[in-house]
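# Coordinates in review
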Amino acid sequence: MKYAVLATWKMAEEGTKKAARMLAEGKSSAEAIVEGIAMVEDNPDFHSVGYGGRPNAEGRVFFDGGFMNGDTLHFGAIGSLEGFRSAIRIAASLQDSDANNFLVGEGAERYAAAHGFERRDNVTPEAKQLYEQEKERLKELSAYDGHDTVCFLALDQNGTLCAATSTSGLFMKQPGRVGDTPLPGVGYYADSETGAAAATGMGEEIMKGALSYAAVRFLKDGLSAQEAAEKAVSELNDTLIRRNGYANPMSLIVLSRDGTYGIGTNITFTYCYASDREAAAVHEIVVERK
Ligand code: GLY
């Protein structure tokens, strides 16, 4: 394939179309996925990413995001950042230096302000109302209630693979909590010589298996994208069930350097894919939970 883009959840549909158009025009995978994610971040109808994201236990919205370039293996990431428009634009800009690639909290905020990134109060009236309704029953909430990360992987016409992620994280998370989304190797990984992967689901579970790096290693061992995605998720899922009696939700997208893709998931999951051979479409995998 000349180019391909793969993204998590139906919310990525319009962003996938835009990224595919950019890739067709010869733009880089880095540009295409940052624009794809930024579209999701700006849409208040998507309640787990960007504007209108899920509030934490104090009613405030904090972002995690990450970016990786598969040619250089450079990455940039931010964690627990409040008050800016786009987590992914800030994260992606951090790949350019040799150090200080992952900034959190106050340090990330100072960096974003110093580099002129647009500020925004991301707590919408709807998010505020939801917080007021739910805060009384905080202890009853499932950790996974209503959060999903948007992840994009793309291969461009120069053969460069990139990965990008953005989320407001767990609904009602504790202040300072950072999930899998900004962690390279966990929430995302890209190596243009092999493939790229990114994860969505319960961050604390995904961290236990360094899921994205595990899938790229399986590609390196010769597995197809589908085999790598399934093996990474099923191995971690089965290990967690064996050791703890349960496994929380996790889904993984994998894009190989030839543009073929694979999905591993332990829950019903939607994703978007487009390439020079296939128009952008939303697909669903239905999984009965054990
Ligand atoms: N996977 C997103 C999070 O756990 O924050």
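Residues numbered from 1 in each chain as written. Predicted model: local features only at pLDDT ≥ 70, side-chain atom pairs only at ≥ 80, totals over all residues. Heavy atoms only, no water.

## What to know about the pairing of strand β6 (residues 161-167)
Worth spelling out the cut-off: Each residue's exposure class comes from its accessible area (1.4 Å probe, protein chains only) as a fraction of the maximum for that residue type: buried when under 20%, exposed when over 50%, partly exposed otherwise. Think of it this way: any DSSP run of H or I at least four residues long counts as a helix, any run of E at least two long counts as a strand, and we number them from the N terminus. A pair of strands is labelled paired if DSSP reports no fewer than 2 bridges between them.
By the criterion of burial, β6 is predominantly enclosed, with 7 of the 7 residues buried. Of the two faces of β6, both are covered, the one formed by Leu 161, Ala 163, Thr 165 and Thr 167 as well as the one formed by Cys 162, Ala 164 and Ser 166. Sheet analysis places strand β5 (residues 150-155) next to β6, joined by 6 bridges and oriented antiparallel. Within β6, the position partnered with Ala 154 by the bridge is Cys 162. Here β5 folds back onto β6 in antiparallel fashion, the turn holding 5 residues, of which Gly 159 has a positive phi close to 85 degrees.

## Thoughts on the pattern of salt bridges
Our working definition: Any Lys or Arg side-chain nitrogen found within 4 Å of a carboxyl oxygen on Asp or Glu counts as a salt bridge.
Summed over the entire model, instances satisfying the criterion amount to 17 salt bridges. A salt bridge links Arg 120 to Asp 42; the nearest nitrogen and oxygen atoms lie 3.0 Å apart. Of this pair, Arg 120 sits in the loop between α4 (105-114) and α5 (125-134) while Asp 42 sits in the loop between α2 (29-41) and β2 (62-69), and the two are 78 residues apart along the sequence. Bridged by salt links that share partners, the residues Lys 10, Glu 13, Glu 14 and Lys 17 form one connected network.

## A word on the environment of Asn 56
This is how it is decided: Contact criterion: two residues are considered in contact whenever any of their non-hydrogen atoms come within 4.5 Å of each other. The term polar contact refers here to a pair of N or O atoms within 3.5 Å; inside protein, the definition further demands a hydrogen-donor-capable atom paired with an acceptor-capable atom, and it admits residues adjacent in sequence only when both atoms are side-chain atoms.
Tracing the chain through its elements places Asn 56 in the loop between α2 and β2. Along the backbone, Asn 56 and Gly 169 are 113 residues apart, and their C-alpha atoms lie at a distance of 8.4 Å. In contact with Asn 56, not counting residues within four places along its chain, are Phe 62, Tyr 131, Met 172, Lys 173 and Pro 175. A polar atom in the side chain of Asn 56 sits 2.8 Å from the backbone nitrogen of Glu 58.

Read these as geometric descriptors, not functional statements.
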